[in-house]
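# A look at the structure
Residue-level listing of the chains:
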Amino acid sequence: MSRYKHHSILPGFNLALGFTLLYLSLIVLIPLSAAFIHTAQLSWLEFWQTVTAPRVMASYRLTFGASLAAALVNAFFGLLVAWVLVRYTFPGKRLIDALIDLPFALPTSVAGITLTAIYAGNGWLGQYLEPIGIKVAFTPIGVFVALTFIGLPFVVRTVQPVLEDIEKELEEAAAMLGATRWQTFQRIIFPTILPALLTGFALALARAIGEYGSVIFIAGNIPMVSEITPLLIITKLEQYDYTGATAIAVVMLVISFGLLLIINLLQWWIRHRKAIA
Amino acid sequence: MKFSAWLSVILFSISLIDINSAWAERAILNISYDPTRELYQQFNRAFTHHWQEKTGEKITIRQSHGGSGKQARTIIDGIPADVATLALAYDIDAIHEHSRLIPADWQQHLPNNSSPYTSTIVLLVRAGNPKKIQDWDDLIKPDIAVMTANPKTSGGARWNYLAAWGFAIKQYGGDESKAREFLTRLYKNTPVLDSGARGSAINFIQRGIGDVLISWENEAFLALQEYGHDQFEIVLPSVSILTEPPVTTIDKNIDKHGTRDIAQAYLEYLYSKQGQEIIARAFYRPSHSEIAKKYAHQFPAINLFTVNEVAGNWQRAQRIHFSDGGIFDQIYIYQ
């Protein structure tokens, strides 16, 4: 309750909320609901057949599987990067800090073409990887690499400010009370940054699921093997099958929204638990 | 002056230029597919010059390039195109079917089924032809990696597919199940299905992937011109498909814009001697007999069949081969 009181100091709540809802409707809700309306032209049976066709099912497995793997890897390494950037000073730190945002700024297709060039059989890395049996470009691993690339900044940029805000005193107190470094991390630092880490993970995951530009060049796009779901949407559009395309889009929307909701609930639960404790 | 003041001055002058040109000059917009970018840059220059000489009017031609299917969709979705110059008739048929901007018989409005130039599908191999590829049936040998784009997303790749299909149908005396088997083996040899024809050319040429690229003849010539004859060779298969990229005016739009005269003259100029010369130099096969004779050395005679001969028409080809559940899907899904 006290939270509302605090906010009510600011004037114009009604106006601001009204504007927020209008803006969200124009930018997010109306365009997205168009997908649902368009899909409604299909009967349930047609819808079900479209979204569960073998090729489409294979693409869900790849898209959601690779996105999940990429977001998990980013959660781990993103935390590591944020940690290093917050806790240590070293020459070139500013430069590395700026580099983190590059995947945000780079046009995704440029990223895709660059990654493909590097990991192809005659590329900088590909020429060493392929002889030892690791094919990256034009396989599902390539999809994973591209999704990891575009997801990294989300984790770093959400965890970094929280890490910066952690009070040194807490750690010092823990050390005084005889905690090992690992215990301090486990009991003090990690619980504090966990909600931010989850947010970063969720953002990286959501971005990866919808990613098209960077993946399409490195994926190889072999049906049943390395086709991502957004490519199938394009495939439907190439056949002027607008309803089929929106049907698959609706499935992606629902799954993505479900995932984001779960992660948000998880975050809320963690914060809530902490607040009670 | 402050930065913002400078900025507004600059913006204002830009808007003046824009308004001037918009008022003074009529303009048409040509929506085309990817590989014709260089062709239409040349052609537009020639046509604006020609139009000014003929009528005294200065006009502007805007061009937009992308995947053929995607370009057709932007027209359906309302881009104010005056003419469409796409990779296959199926995409222009779709404009009629989904938007009614053009009549159903659009293809009868200009000579040669509204295709001012043609091309064909050839095989591009690495210099010296190390895998000794001579014809389509070499592509299904076990140790050959074939580069072609995904026919589900690329108009060019649909021509590639139908070229191979037509060969197989002829080879096996019309036996469709054998032709299907042939294509299954061919696509088993394809390690990458790029979403567009240019992408698969880049994979073959720059990334060194694959032994043979199935390619439009004009693209193959461009590769030789860019990278040199010591890098690649063109192999002409025993038979191939006659690719007929069609053009049309977008009737409802030109009437609205008042640009019918320009749009029509623009497309007709493609058939003129001057237009055909530019077309031939962009490595497309000219249809004008005189120009064709002049460039005969560049385009060796090859046994060509049409889409209609192997599939009836584009609508049928699309339905049987490329639509969901079609033969191309079956190759991958029901093995």
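The shown structure was predicted, so the numbers you read here are calculated from the model rather than taken from an experiment.

### Quick word on the UniProt feature "transmembrane region" (unreviewed entry) in chain A
Residues and elements named next belong to chain A. In the numbering used here, UniProt assigns the feature "transmembrane region" (unreviewed entry) to residues 12-38, 58-86, 98-120, 132-156, 188-209, 215-234 and 246-270. The annotated region residues 58-86 carries 100% helix and 0% strand content, and the separation between its end C-alpha atoms amounts to 41 Å. From the first C-alpha to the last, residues 132-156 spans 32 Å; its make-up is 68% helix and 0% strand.

### Quick notes on the packing of aromatic side chains
Across all of its chains, the model carries 31 aromatic pairs over all chains by this definition. Plain terms: the ring middles of Phe221(B) and Phe283(B) are 5.1 Å apart, the flat faces sit at 20° to each other, and that makes the pair stacked. On the criterion of sequence distance, the pair formed by Phe221(B) in helix H9 (residues 217-227) and Phe283(B) in the loop between helix H12 (273-281) and strand S11 (285-286) is long-range, its members being 62 residues apart. For Phe221(B), a relative accessible area of 16% puts it in the buried group. Three or more aromatic residues joined by ring pairs form one cluster here, namely Tyr40(B), Phe43(B), Phe47(B), Trp51(B), Tyr266(B) and Tyr269(B). Directly above the aromatic system of Trp83(A) lies the positively charged group of Arg87(A), at a separation of 4.7 Å from the ring centroid. Seen from the ring of Phe322(B), Arg158(B) lies directly overhead, with NZ or CZ sitting 6.0 Å from the centre.

### Brief notes about the sheet that holds strand S3 (residues 83-85) of chain B
Residue and element names in this part refer to chain B. If you walk across this open sheet you meet the four strands as S2-S1-S3-S10, and the pairing is mixed. Single-partner strands in this sheet number two, and they are strand S2 (59-66) and strand S10 (247-249). Sheet twist, expressed as the average angle between the axes of neighbouring strands with direction ignored, equals 20°. Relative to S3, strand S1 (residues 26-33) runs parallel, the two sharing three bridges. Looking at the pairing, isoleucine 31 lines up with alanine 84 of S3. Where helix H2 (residues 37-55) meets the sheet, it contacts S1, S2, S3 and S10, and its direction lies at approximately 165° from that of S2.

### A look at the nonpolar core
Nonpolar side chains in soluble globular proteins tend to be buried together. In this structure, Phe47(B), Ile95(B), Trp136(B) and Trp314(B) are the most contacted members of the largest nonpolar core, which totals 129 residues. With ten residues, the single largest contributor to this core is helix H11 (residues 181-210) of chain A. Summarising the domain contributions, this core has at least three residues from each of domain 1 (26-115 + 244-298) and domain 2 (119-243 + 302-333) of chain B. Every residue in contact with Ile95(B), bar those within four places of it in the chain, is listed here: Ala72(B), Ile75(B), Ile76(B), Ala84(B), Leu86(B), Arg100(B), Leu101(B), Ile102(B) and Ile250(B). In terms of nonpolar packing, the next biggest core, distinct from the first, is built from 34 residues, Ala120(A), Val136(A), Phe138(A) and Ala220(B) among them.

### Topic: the UniProt feature "domain: ABC transmembrane type-1" (unreviewed entry) in chain A
Sites flagged by UniProt as "domain: ABC transmembrane type-1" (unreviewed entry) map to residues 60-263 of chain A. End-to-end, the C-alpha atoms of residues 60-263 of chain A are 20 Å apart, and along that stretch the chain is 77% helix and 0% strand.

### Remarks on the interface of chain A and chain B
The interface of chain A with chain B comprises 24 residues on the first partner and 34 residues on the second. Arg55(A) is the partner of Asp329(B) in a salt bridge, and the nearest nitrogen-oxygen pair spans 3.0 Å. In this structure, the connection of chain A to chain B is made through ten residue pairs in polar contact (both at pLDDT 80 or more). Secondary-structure elements contributing two or more residues to the side of chain A that touches chain B are helix H4 (54-87), helix H7 (108-119) and helix H13 (229-238) of chain A. For the side of chain A that touches chain B, the element with the most residues is H13(A), which contributes six residues. A breakdown of the residues in the side of chain A that touches chain B according to their chemical character gives 14 nonpolar, six polar and four charged.

### A look at the side chain of Asn189(B)
Residue and element names in this part refer to chain B. Along the chain, the position of asparagine 189 falls in the loop between helix H7 (176-188) and strand S6 (193-194). A distance of 3.5 Å separates a polar atom in the side chain of asparagine 189 from the backbone oxygen of isoleucine 144. The contacts of asparagine 189, once residues within four sequence positions are left out, are Leu139, Ile140, Lys141, Pro142, Ile144, Ala145 and Val146.

### Some thoughts on the pattern of salt bridges
Should their charged atoms come close, side chains of opposite charge can pair. According to the stated counting rule, one finds 24 salt bridges over all chains in the structure shown. The residue Lys152(B) makes a salt bridge to Asp324(B) at a minimum N-O spacing of 2.9 Å. Taken together, the residues Lys152(B) in the loop between strand S5 (146-149) and helix H6 (155-171) and Asp324(B) in the loop between helix H15 (314-322) and helix H16 (327-333) connect sequence positions 172 residues apart. Classification of Asp324(B) by relative accessible area gives partly exposed; the value is 37%. The partner of Asp255(B) in a salt bridge is Arg260(B), with the nearest N and O atoms 3.0 Å apart. Asp255(B) sits in the partly exposed class, given a relative accessible area of 49%. Taken together, the shared-partner salt bridges in this structure form one network comprising Arg55(A), Glu227(A), Lys236(A), Lys152(B), Asp324(B) and Asp329(B).

### Considering the environment of His98(B)
Mapped onto the elements of the fold, His98(B) is located in helix H4 (residues 89-99). Looking at His98(B), the relative accessible area reads 37%, which means it is partly exposed. Setting aside residues no more than four positions away along its own chain, His98(B) makes contact with Tyr240(A) and Ile76(B).

Conventions and cut-offs
- Residues numbered from 1 in each chain as written.
- Chains lettered and ligands numbered in written order.
- Predicted model: local features only at pLDDT ≥ 70, side-chain atom pairs only at ≥ 80, totals over all residues.
- Heavy atoms only, no water.
- UniProt positions renumbered as here; feature names shortened; annotations may be inferred.
- Helix = DSSP H or I, 4+ residues; strand = E, 2+ residues; numbered from the N terminus.
- Phe/Tyr/Trp six-rings, centres within 6.5 Å; stacked < 30°, edge-to-face > 60°.
- Buried < 20%, exposed > 50% of the residue type's maximum accessible area, 1.4 Å probe, protein only.
- Lys NZ or Arg CZ within 6 Å of the ring centre and 35° of its normal.
- Pairing = 2+ DSSP bridges.
- Axes fitted to C-alpha atoms, helices over the stretch in contact; angles between N-to-C directions.
- Contact = heavy atoms within 4.5 Å.
- Core = buried A, V, L, I, M, F, W, Y, C linked by side-chain atoms within 4.5 Å.
- Domains from an automatic or database assignment.
- Salt bridge = Lys/Arg side-chain N within 4 Å of Asp/Glu carboxyl O.
- Polar contact = N/O pair within 3.5 Å; in protein donor to acceptor, adjacent residues only side chain to side chain.
- Nonpolar A, V, L, I, M, F, W, Y, C, P; charged D, E, K, R; others polar.

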